Amino acid sequence: MSSIQIRDHQGVRIITLNRPEKRNALNLEMYSHLTEYLIQGERDNGIHAFVIKGQTDCFTSGNDVSDFLKNSNLGPQHPAFQFLFTLLDLNKPIVAAVSGPAIGIGTTLLFHCDLIYAAPDAQFQLPFVNLALVPEAGSSMLLSRLVGPHKAAELLLLGEVFSSDEAYKMRMVNRIIEVEKLETYALNQAIKLAKQAPQALQASRRLMRHDKEALRAQMQAELKEFAVRLQSDEAKAKFHAFLSR
């Protein structure tokens, strides 16, 4: 069974992270499929919105570290690189349904979503410095803008877990929804988006994201530094300790 599943329903493409045996850790193949399915949906005139979700007990535990290290050359063709910039360039809105852990990329990809709904048990974390790395997906810019520089520093530099209640108070999620109702609620919100006038919807979204090129430059700077950090002795030591657990 595929680690990324898709289903199209009433103008919405539902993308499910489906690797529960690895806590939905994203490997390179999953990144490639995510990019493929997003681009397909973007080009399909019958698709007007996306939903991204995991299972009821896990959104994603972040990168599959061992798989990621097999292709640690973060050039333009790297699957994770392509996924992040596909998120940036999408015109159609994304709704996220988050339950359980949303670690690393599981949190940073949310900054590119339009509507985010979380279960009470959702847990978020940005553990980049903890692994001797730096933030990605534009989070070094977007998080400061969202929660202020001091709170962003706390979240990014300490890399501690925070709850859905904390995320809601920081305006990182739209609403907390009971886990058994979460998927249906997120899908219904996406269907509402899909029923809007598509050109007006996409134009409004572009206006709200008027500084996209500045964000692109920040993401490129992050990835350049990320690639340097990934080859550092301190990162190698952190990953060795992680993989030896």
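Note that this is a predicted model, so its numbers are computed, not measured. (Residues numbered from 1 in each chain as written. Predicted model: local features only at pLDDT ≥ 70, side-chain atom pairs only at ≥ 80, totals over all residues. Heavy atoms only, no water.)

K.L.:
Can you lay out the sheet that holds strand β5 (residues 101–103) for me, pointing to particular residues and giving the numbers?
P.N.:
Strand order in the open sheet formed by three strands is β5-β7-β8, and the pairing between neighbours is mixed. The strands lining the two open edges of the sheet, one partner per strand, are β5 and β8 (162–163). For strand β7 (residues 123–125) and β8, the ladder comprises two bridges, and the chain directions are antiparallel. Across the sheet, the residue bridging to Gln123 is Ser163, located in β8. (Pairing = 2+ DSSP bridges. Helix = DSSP H or I, 4+ residues; strand = E, 2+ residues; numbered from the N terminus.)

K.L.:
Now, about the pairing of strand β3 (residues 49–53): what can you tell me, with residues and values included?
P.N.:
Counting buried positions along β3 yields five of five residues, so the element is predominantly enclosed. Burial along β3 is two-sided: the face carrying Ala49, Val51 and Lys53 and the face carrying Phe50 and Ile52 are both buried. With five bridges joining them, strand β2 (residues 12–17) and β3 adopt parallel strand pairing. Residue Val12 lies in a different strand from β3, and its bridge partner there is Ala49. Handedness of the crossover joining β2 and β3 through helix α1 (residues 28–43): right-handed. The pairing of β3 with strand β4 (residues 94–98) spans four bridges and is parallel. Following the sheet pairing, Val51 is matched in β4 by Val95. (Buried < 20%, exposed > 50% of the residue type's maximum accessible area, 1.4 Å probe, protein only. Right-handed = clockwise from strand over helix to strand, strands pointing away.)

K.L.:
Explain the nonpolar core to me, and be specific about the residues and the numbers.
P.N.:
Counting residues in each nonpolar core, the largest one holds 62 residues, and the members touching the most others are Val98, Leu110, Phe124 and Leu143. In terms of residues, this core owes the most to one element, helix α3 (residues 79–89), which gives seven residues. Apart from residues lying up to four places away in sequence, Phe124 is in contact with Val98, Ala102, Thr107, Leu110, Ala118, Glu160, Val161, Phe162, Ser163, Ser164, Ala167 and Val173. If you look at the next biggest cluster of nonpolar residues, it comprises 18 residues, including Ala186, Leu187, Ala190 and Ala194. (Core = buried A, V, L, I, M, F, W, Y, C linked by side-chain atoms within 4.5 Å. Contact = heavy atoms within 4.5 Å.)

K.L.:
Go over the sheet that holds β3, please, and point to the residues and values.
P.N.:
In a beta sheet, neighbouring strands are held together by backbone hydrogen bonds and run either parallel or antiparallel to one another. Read across the open sheet, the six strands follow the order β1-β2-β3-β4-β6-β9; overall the sheet is mixed. The strands lining the two open edges of the sheet, one partner per strand, are β1 (4–9) and β9 (175–176). Packed onto the sheet, helix α8 (residues 179–194) meets β1, β2, β3, β4, β6 (115–118) and β9 and runs at close to 165 degrees relative to β3. (Axes fitted to C-alpha atoms, helices over the stretch in contact; angles between N-to-C directions.)

K.L.:
Requested: an account of helix α5 (residues 139–147), with residues and values cited.
P.N.:
Residues of α5 that are buried include every one of Ser139, Leu142, Leu143 and Val147, and no others. All buried residues of α5 project into a common sector of 105 degrees when viewed along the axis, lining one side. Summarising the contacts, the buried residues of α5 are in contact with α4 (105–108), α6 (149–158) and α10 (212–230). Once α5 finishes, Gly148 follows within two positions and takes phi at roughly 95 degrees, a positive value. (Arc of directions from axis to C-beta.)

K.L.:
Just give me the short version of the packing of aromatic side chains, but keep the residues and values in it.
P.N.:
Centre distance and the angle of the planes are the two values used to describe a pair of aromatic rings. According to the stated counting rule, one finds four aromatic pairs in the structure shown. Each ring, one from Tyr31 and one from Phe83, has its centre 5.7 Å from the other, and the planes form 45 degrees; the classification is tilted. Of this pair, Tyr31 sits in helix α1 while Phe83 sits in helix α3, and the two are 52 residues apart along the sequence. On the accessibility criterion, Tyr31 (2% relative accessible area) is buried. (Phe/Tyr/Trp six-rings, centres within 6.5 Å; stacked < 30°, edge-to-face > 60°.)

K.L.:
Tell me about the pattern of salt bridges, residues and numbers included.
P.N.:
What the rule picks out here adds up to 13 salt bridges. One salt bridge connects Arg209 with Asp114, and the closest N-O pair in it is separated by 3.0 Å. Residue Arg209 is found in the loop between α9 (198–208) and α10, and its partner Asp114 is found in the loop between α4 and β6; the two are separated by 95 residues along the sequence. One salt-bridge network, held together by shared partners, links Asp89, Lys212, Glu213 and Arg216. (Salt bridge = Lys/Arg side-chain N within 4 Å of Asp/Glu carboxyl O.)

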